[in-house]
Amino acid sequence: MNVVTKPAVQSRVNDFTIKVATVNGTGSSSANTLLMKSIFRSGVPVVGKNLFPSNIQGLPTWYEIRVTKDGYQSPTGSVDLMVAMNGETYAKDLAEVCAGGYMIYDSTWPRPKLLERPDVTVIGVPLAQMCNARFATARIRVLMKNMAYVGAVAALVDLDMGIIRAMIEATFASKPKLIDSNMEAIELGYDYVRENFEWPLPLRVEKMDDTKGHIMIDGNTAAGLGCVYAGATVGAWYPITPSTSIMDGYKLFCDRFRTDKETGERQFCIIQAEDELASAGMVVGASWNGARAFTPTSGPGISLMSEFIGFAYYSEVPMVLFDVQRVGPSTGMPTRTQQGDILLAAYASHGDTKHIILFPANPQECFETAVEAFELAEWYQTPVFVLSDLDIGMNDWMIPELKWDDNWTPNRGKVLSADEIEKMEKFHRYLDVDGDAVPYRTLPGEHPKGSYFTRGSGHNKYGGYTEDSAEYQDVLDRLAVKFKNSALKVPKPVIVQAAKKTSLGIISVGGCDGAVKEALDVLGEHGVYADYLRVRAFPFNGEVKDFTEGHETVFVVEQNRDAQLRTLLINEACVEPQKLVPVLKYDGMPADRRFIVEGINSHLAAGARK
């Protein structure tokens, strides 16, 4: 038996990070998901982050699993156990391991240089050699080598093999032979570690009961389900990373819930358009006809859709857009995360436009904001953006089970029925009858008296064509009032008060939420206290302004270079610029506590020196 003699991390039960380094296209995704979900099934909170290249195969890919008994939702920024399966990235992978950490590699091909770092324990397991001896074809050997490292990790961190077997059996219930072969590969790695090394490591999994009532899901799948729940029947899109899986999820759930079991008739329509502009036009057309319609895309798609977004804003047609943000500008890095579309979404299209934006922070809120987006779009007869990001949309998160209320019914807003139209002397599409800046609308074919000409050119409050300056300005002013009033209906910000009274505040948005919460805990342990406000929607309501006025310094944490949320706060909430201190991360990686703590501490230290 090999005895571990190098410095080891302190015993850390249910509190460590595993990172798996592989090559894209080698089938490691299933193995990594199995490993993560086995920890989840052990009752231990866990977070999975997939870092993959934008090509199909051949380049390095990593999968990070954070085991977190405290239920944190962000990465730690460090690695305790590295599974190095890609020879080309050994040096980089070894450098990432924290002092006292561990590195597993395939010792079929000895790598003496791996032993050069004295503060890391290197564990060699001949994965390829064992799989080559047991499995017949090259492709099967590659796939089973992935399962073998699952077994090796399971032994080292003391994972319950019964849980792993149950998951394999559930996955391959219809293919018993695959159950046996996968378990055989897992047991190869598991048995080798147990026979040749001391186990478990100081990093280990101990069963808890903290995942009860929770599920693992990604934000795009949750958003797709939210669209079904909200009553959306039309989805149009052009494929683009990282939003395409929203439509995959939507179709999956429509096939289940919107298909007549007896006749097979589908009660939904999904269209893959020729480009993003066309998909936006399809959504406008479907919404104008009375359907709840949406399109998922990312930043480049929003740029192309801007003409139809402006049309929907000015002609007052409901429209829901999911922008799963990625790194820009231009093509940027399609498989990395960022929050670079905040200003793009707020003012999308030419001319004077402002749009409602919802900012989910996790997959649970992707589901919930999908529903809210359709409600707001129809009530205010305007485009509504749901601004997610790649980290939320494509990674696995642990969230509470989603709530489905069979008694919930959509609010279609101010849509006139045939009887209501019949009783009217004359219908005017853009007339503010109630004084709330939202006119009534009709649906095609409902009643002849409800017909009108929909135009994106100049029109007056009666719906007629105009180039009269006063009439044009009258409509534009009402649109501004309608947008301002929407602040009363959009989701309110979430405010977390510090344990002690403080003059420091933090404002953040979306996927930064988990990192901010963890950073607050770290700062509090060192005597630095800050209140926290998470923006959930634009336009901002009065609570945002009150929060900034109640603090001397407000750190604005976001994932873009140009402090876009900060700019929006200055422009739209009239916050004093000198009060807002930007804390920015824009390297494409998910937010973690370290950059927030370091950003805040460096500012406070500079102030102390002054």
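Before reading on, note that the structure itself is shown above.
Counting restarts for each chain: residues are numbered from 1 in the order of the written sequence. pLDDT decides what is reported in this predicted model: residues at 70 or higher carry local features, side-chain atom pairs at 80 or more are listed and counted, and totals for whole chains, interfaces and linings draw on all residues regardless. As a rule here, side-chain values come from all non-hydrogen atoms in the structure, and water together with hydrogens is ignored.

Caption draft 1: Just helix α7 (residues 219–230), in detail. Helix and strand definitions follow DSSP, with helices as H or I runs of at least four residues and strands as E runs of at least two, each counted in order from the N terminus. Multiplying 1.5 Å by the helix residue count minus one yields the expected span of that helix. Over its twelve residues, α7 extends 16 Å from the first C-alpha to the last, a length consistent with the 16 Å expected when each residue adds 1.5 Å. Between buried and exposed lies partly exposed: a residue is buried under 20% and exposed over 50% of the maximum accessible area for its type, with that area taken using a 1.4 Å probe on protein chains only. With twelve of twelve residues buried, α7 lies mostly within the body of the structure. Regarding α7, the residues found buried are Gly-219, Asn-220, Thr-221, Ala-222, Ala-223, Gly-224, Leu-225, Gly-226, Cys-227, Val-228, Tyr-229 and Ala-230. If you follow the buried residues of α7, they end up packed against β9 (214–217), α8 (244–257), β12 (293–297), β13 (319–325), α12 (363–380) and α13 (390–394). Polar contacts here mean pairs of N or O atoms no more than 3.5 Å apart (in protein, one a potential hydrogen donor and the other a potential acceptor; neighbouring residues in sequence count only if both atoms are side-chain atoms). Where α7 starts, the residue carrying a side-chain oxygen 3.1 Å from the main-chain nitrogen of Asn-220 turns out to be Asp-218. A positive backbone phi angle near 95° is found at Gly-231, which sits one or two residues after α7. Should any heavy atoms of two residues lie within 4.5 Å, those residues are considered in contact.

Caption draft 2: Expanded view of the sheet that holds strand β20 (residues 537–538). Taken together, the seven strands give an open sheet; going across it, the order is β11-β10-β12-β13-β15-β14-β20, and neighbouring strands pair in mixed fashion. Where the open sheet ends on each side, the last strands, each with one partner, are β11 (269–272) and β20. When DSSP locates at least two bridges between a pair of strands, those strands are taken to pair. Sheet topology note: the strand β14 (residues 356–358)/strand β15 (residues 383–389) ladder contains three bridges and is parallel. The residue of β15 that forms the bridge with Ile-357 is Phe-385. Each axis is a line fitted through C-alpha atoms, taken for helices only over the stretch in contact, and angles between the N-to-C directions span 0 to 180 degrees. The strands touched by α8 within the sheet are β10 (234–237), β11, β12 and β13, with β10 carrying the most contacts at an inclination of about 150°. Helix α10 (residues 299–315) rests against β12, β13 and β15 of the sheet, and its axis sits at about 160° to β13.

Caption draft 3: Spatial organisation of the packing of aromatic side chains. Two aromatic rings from Phe, Tyr or Trp, using only the six-membered ring of Trp, form a pair when their centres are within 6.5 Å; if the ring planes differ by under 30 degrees the pair is stacked, by over 60 it is edge-to-face, and anything between is tilted. Taken as a whole, this structure holds 14 aromatic pairs when the rule is applied. Between the aromatic rings of Tyr-90 and Tyr-105, the centroid separation amounts to 6.2 Å while the plane-to-plane angle is 90°, which identifies the pairing as edge-to-face. Highlighted residues: Tyr-90 in helix α2 (residues 90–96) and Tyr-105 in strand β6 (residues 97–106), separated in sequence by 15 residues. An aromatic cluster is present here, built from Tyr-229, Phe-257, Phe-367, Trp-404 and Trp-408 joined pairwise through their rings. Taking NZ or CZ as reference, Lys-414 lies 4.5 Å from the ring centre of Tyr-440, over its face. A ring is scored as having a charge over it whenever the NZ atom of a lysine or the CZ atom of an arginine sits within 6 Å of its centre and within 35 degrees of its normal. Here the guanidinium or amino end of Lys-489 rests over the ring plane of Trp-379, the centre of that ring lying 5.0 Å away.

Caption draft 4: Expanded view of unusual backbone geometry. Residues Gly-328 and Pro-329 are joined by a peptide bond in cis, for which omega reads 0°. Relative to the helices and strands, Pro-329 resides in the loop between β13 and α11 (342–346). Here the bond from Phe-538 into Pro-539 is cis, since omega is 10°, no more than 30 degrees from zero. In this fold, Pro-539 is placed in the loop between β20 and α17 (542–549). We note that Ala-437 has phi near 75°; this positive angle belongs to a residue other than glycine. Position of Ala-437 relative to the elements: it lies in the loop between α14 (418–423) and α15 (469–485). Look at Cys-574: it is not a glycine, yet its phi comes out positive at around 55°. Residue position: Cys-574 is located in the loop between α18 (564–573) and β22 (580–584). For Cys-574, a relative accessible area of 56% corresponds to the exposed category.

Caption draft 5: Spotlight on the sheet that holds strand β19 (residues 531–535). If you trace the five strands from one edge of the open sheet to the other, you get β17-β19-β18-β21-β22, paired in mixed fashion. Edge strands, defined here as strands with exactly one partner in the open sheet, are β17 (494–496) and β22. Going across the sheet, the axis of each strand differs from the next one's by a mean of 20°, ignoring polarity. Looking at chain direction, β17 and β19 are connected through three bridges and run antiparallel. For Val-496, the partnering residue across the bridge sits in β19 and is Tyr-532. The sheet contacts of α17 involve β17, β18 (504–509), β19, β21 (553–558) and β22, and relative to β19 the element is tilted by about 150°.

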